[in-house]
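Residues per chain are reported as follows:
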Amino acid sequence: MYVFNKTKNCLISDKVEVAKTFKEKSEGLLKYETSHAMYFETRWGIHTYGMKFPIDVIVLDEDNTAKKIKKDMKPGRFFFWNPKYKRVLELPIGSDVEENDVLETV
C-alpha cells in the first residue's frame, strides 16, 4: 500500500504496512527498531508505551481526509480522538500532512 497527499501533490510513503489482525494492531510499531509507515483501523486511540522512537499519527475520516494529527508523538504517551474516526496512519516524524489534507491510499 502507498499513501499520496492529494492536497499537496506529494508522496507520503510508497511502502505502508497494513495491520489487520488484533495481534498486528496491538503490536503495531512496538516490535521495530526504526519507524516506518503503518495503517490500521481502531476507534479508541493508541499508545506508544514500549516504542523506541517518536512517530507522527494521522487520523482519517471515511474520505481519507486528515481530521486529527499528533506530530512527534514521543514514546510512553497516549493519543485519543473522536471515535467516529477509525482510520489511523502512523508515520516517521516529519511527515508532510496537515489537518484537512486529503490522502489517497492504494
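Please refer to the structure higher up on the page.
Every value quoted in this text rests on a predicted model; they were computed, and no experiment measured them. Within any chain, residue numbers begin from 1 and follow the written order of that chain's sequence. It should be noted that, the model being predicted, local features are given only for residues of pLDDT at least 70 and side-chain atom pairs only at 80 or more, the latter also being counted only at that level, while totals for whole chains, interfaces and linings use all residues. With hydrogens and water stripped out, all remaining heavy atoms of the structure feed into the side-chain values.

**Student:** Where do I start with a nonpolar patch on the surface in this structure?
**Tutor:** On the surface, Tyr49, Phe78 and Phe80 cluster together into a nonpolar patch covering about 360 Å² of accessible area. The topology assignment puts tyrosine 49 in the loop between strand S5 (46-47) and strand S6 (55-60). Working definition: with a 1.4 Å probe on protein chains only, accessible area under 20% of the residue-type maximum means buried, over 50% means exposed, and in between means partly exposed. Judged by its relative accessible area of 42%, tyrosine 49 is partly exposed. Exposure above 30% relative accessible area and the lack of any salt bridge qualify a residue for a patch; like charges then connect within 9 Å, and the nonpolar side chains Val, Leu, Ile, Met, Phe, Trp and Tyr within 5 Å. Accessible surface area values rest on a Shrake-Rupley calculation with a 1.4 Å probe, where residue burial reflects the displayed protein chains alone. Any Lys or Arg side-chain nitrogen found within 4 Å of a carboxyl oxygen on Asp or Glu counts as a salt bridge. Here a strand is any run of E in DSSP of at least two residues, a helix any run of H or I of at least four, and the numbering for each starts at the N terminus.

**Student:** In this structure, what is going on with the sheet that holds strand S4 (residues 37-41)? I would like to understand it.
**Tutor:** Backbone hydrogen bonds hold the strands of a sheet together, and the pairing may be parallel or antiparallel. Spatially, five strands are ordered S3-S4-S9-S6-S7 in an open sheet, and the strand pairing comes out mixed. Looking along the sheet, the strands with just one partner apiece sit at the ends: strand S3 (16-18) and strand S7 (66-73). The sheet shows a mean angle of 20° between the axes of neighbouring strands, direction not considered. Think of it this way: DSSP has to see at least two bridges between two strands before they count as a pair. Strand direction decides the pairing type here: S3 and S4, joined by three bridges, are parallel. Looking across to S4, one finds that valine 16 is bridged to alanine 37. Orientation is described by axes fitted as lines to C-alpha atoms, over the contacting stretch for helices, and by angles from 0 to 180 degrees between their N-to-C directions.

**Student:** Please explain the packing of aromatic side chains as it appears in this structure.
**Tutor:** Aromatic ring pairs are reported here in terms of the distance separating the ring centres and the angle at which the planes meet. Stacked, tilted and edge-to-face are the three classes assigned to paired rings of Phe, Tyr and Trp, where Trp is represented by its six-membered ring and a pair needs centres within 6.5 Å; plane angles under 30 degrees give stacked, over 60 edge-to-face, the rest tilted. Under the definition given, this model contains three aromatic pairs. Pairing phenylalanine 78 with phenylalanine 80 gives two aromatic rings, centres 5.9 Å apart and planes at 15°, and the pair type is stacked. Note on phenylalanine 78: relative accessible area 51%, which makes it exposed. For the pair phenylalanine 79 and tryptophan 81, a centre-to-centre distance of 5.5 Å together with 55° between the ring planes defines the contact as tilted. One aromatic cluster in this structure is built from Tyr49, Phe78 and Phe80.

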